[in-house]
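# Fold and contact review
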Amino acid sequence: MLGKWLKESKYTVILTGAGMSTESGLPDFRSAGNGMWNKKDPGKIASTEALNYNVNEFIEFYRHRVTGLKECKPHKGHYILANWEKRGILQSIITQNVDGFHGLAGSRNIAELHGNLQTLHCQVCKKEYPSEEYLHDHYECTCGGVLRPSIVLFGEMLPDQALDFAAEESEKAELFIVLGSSLTVTPANQFPLIAKQIGAKLVIVNMEPTDFDIYADEVIHNRKIGEVLEELDRVF
Ligand code: APR
């Protein structure tokens, strides 16, 4: 049904999670086995507490993530979504991902709910730097402040502009598609419900079941997102 609804929908919004980028080579957070939070406690390593009281381990963790990010790139699925936006098939993307791959693939209408790991900023003066600084072991701003990733850490508020855009888009959706998210984290997992409440069709494409499957009009499990998107793209 997803192909039919995608053709009929006049306003389609997609929410992506880490499962959108595993086929680029980036690990997700909660998949059995390779998920990052199976090996590290996010509250202890990806939080404001870690930044303030455990800065060496914090920087080491994010230096590792930036290194991985620079070795990976958007896959065909990211480019399909960017092409759909250009052709008016897809209106916007709400992403929980910080890899910046939707923008690098050419998508423009994006709400980056959790920020972007391609950029660092100074903890004190907020001056921005490319995240490559971490690869050159540069961790301090010219003002002496610590350089931290421009992402939302556990314990921090999400950016208002991204939240407002995501809410506006969800309230306009005729079709809302979730790609590769366990829908574990609030407020990102509320946008599918907002769309559903205003009468949108909800489709969840995720390798594993989620707690939100009960609200979906269709769920697609045990299939890779890249394959699903390539199959859909062939009918347009
Ligand atoms: N195709 C389809 N589904 C996939 C694929 C794939 N190729 N790869 C992984 N998945 C699914 C996994 O089964 C998993 O359920 O994607 C889901 C990713 O879920 P999480 O790892 O929980 O990632 P996400 O939902 O994006 O996490 C949300 O949590 O830690 C925070 O800030 C972090 O943005 C992240 C947020």
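As the structure is a prediction and not an experimental result, all values here were calculated from the model.

Rules used in this analysis
- Residues numbered from 1 in each chain as written.
- Predicted model: local features only at pLDDT ≥ 70, side-chain atom pairs only at ≥ 80, totals over all residues.
- Heavy atoms only, no water.
- Phe/Tyr/Trp six-rings, centres within 6.5 Å; stacked < 30°, edge-to-face > 60°.
- Near = heavy atom within 4 Å.
- Polar contact = N/O pair within 3.5 Å; in protein donor to acceptor, adjacent residues only side chain to side chain.
- Areas by Shrake-Rupley, 256 points an atom, 1.4 Å probe, with all protein chains shown as cover.
- Nonpolar A, V, L, I, M, F, W, Y, C, P; charged D, E, K, R; others polar.
- 1 Å grid on protein atoms, 1.4 Å probe; cavity = no way out; pocket = protein on both sides within 12 Å on 5 of 7 lines; lining within 4 Å.
- Points joined across faces, edges and corners; volume = space filled by probe spheres on them.
- Helix = DSSP H or I, 4+ residues; strand = E, 2+ residues; numbered from the N terminus.
- Domains from an automatic or database assignment.
- UniProt positions renumbered as here; feature names shortened; annotations may be inferred.
- Buried < 20%, exposed > 50% of the residue type's maximum accessible area, 1.4 Å probe, protein only.
- Contact = heavy atoms within 4.5 Å.
- Buried area = accessible area lost by both parts, 1.4 Å probe.
- Salt bridge = Lys/Arg side-chain N within 4 Å of Asp/Glu carboxyl O.

The subject of this paragraph is the packing of aromatic side chains. Within this structure, the stated rule accounts for eight aromatic pairs. Here a set of aromatic residues connected by ring pairs shows up, and it is made of Phe29, Trp37, Phe58, Phe61, Tyr62 and Phe154.

On to the site of the ligand. Lining the immediate environment of the ligand, one finds 24 residues, of which Phe29, Arg30, Trp37, Ser181 and Ser182 sit closest. Within the side chain of Thr22, one N or O atom sits 2.8 Å away from a nitrogen atom of the ligand. Summarising the interface, the protein chains cover 94% of the accessible area of the ligand, which totals 740 Å² for the free molecule. Residues belonging to the shell around the ligand are distributed by class as follows: eight nonpolar, ten polar and six charged.

Attention now goes to the layout of surface pockets. Unfilled space is identified by rolling a water-sized probe across the atoms. When its volume is computed, the second largest pocket comes out at roughly 310 Å³. Around the second largest pocket, the lining is made up of 18 residues, and of these Glu112, Gly115, Ser150, Pro159 and Ala162 lie nearest the centre. When contributions to the lining of the second largest pocket are tallied by element, the ones reaching two or more residues are β3 (110–112), β4 (115–122), β6 (147–151) and α8 (160–172). For the lining of the second largest pocket, the leading source of residues is β4, giving four residues. Residue composition of the lining of the second largest pocket, grouped by class: eight nonpolar, six polar and four charged. Of the domains in this structure, domain 1 (1–26 + 74–114 + 158–236) and domain 2 (27–71 + 119–151) are the two that each give at least three residues to the lining of the second largest pocket.

On to the UniProt feature "binding site: Zn(2+)" (unreviewed entry) in the protein chain, then. According to UniProt, the positions carrying the feature "binding site: Zn(2+)" (unreviewed entry) are Cys122, Cys125, Cys141 and Cys143. For this annotated set, covering 22 residues, all C-alpha atoms fall within 8.4 Å of each other, a compact arrangement in space. Considering the arrangement of structural elements, one finds Cys122 in strand β4. Relative accessible area serves as the criterion here: at 0%, Cys122 is assigned to the buried category. Among residues more than four places away in sequence, those in contact with Cys122 are Lys127, Cys141, Cys143, Gly145, Val146 and Leu147. Within the secondary structure layout, Cys141 lies in the loop between α7 (132–135) and β6. Contact partners of Cys141, with chain neighbours within four places excluded, come to Cys122, Cys125, Lys127, Tyr129 and Leu147.

Right, let's talk about the domain arrangement of the protein chain for a bit. When the domains of the protein chain are assigned, the result is domain 1 (1–26 + 74–114 + 158–236) and domain 2 (27–71 + 119–151). Taken over C-alpha atoms, the centre of domain 1 sits 26 Å from the centre of domain 2. At the junction of the two partners, domain 1 supplies 13 residues and domain 2 supplies ten residues. Three residues, Ala18, Leu26 and Val98, lead the burial of domain 1 against domain 2; their summed loss comes to 47% of the area buried on that side. At the boundary of domain 1 and domain 2, one finds zero salt bridges. Our count for the contact surface shared by domain 1 and domain 2 stands at zero residue pairs in polar contact (both at pLDDT 80 or more). Among the residues forming the side of domain 1 that touches domain 2, the class breakdown is five nonpolar, six polar and two charged.

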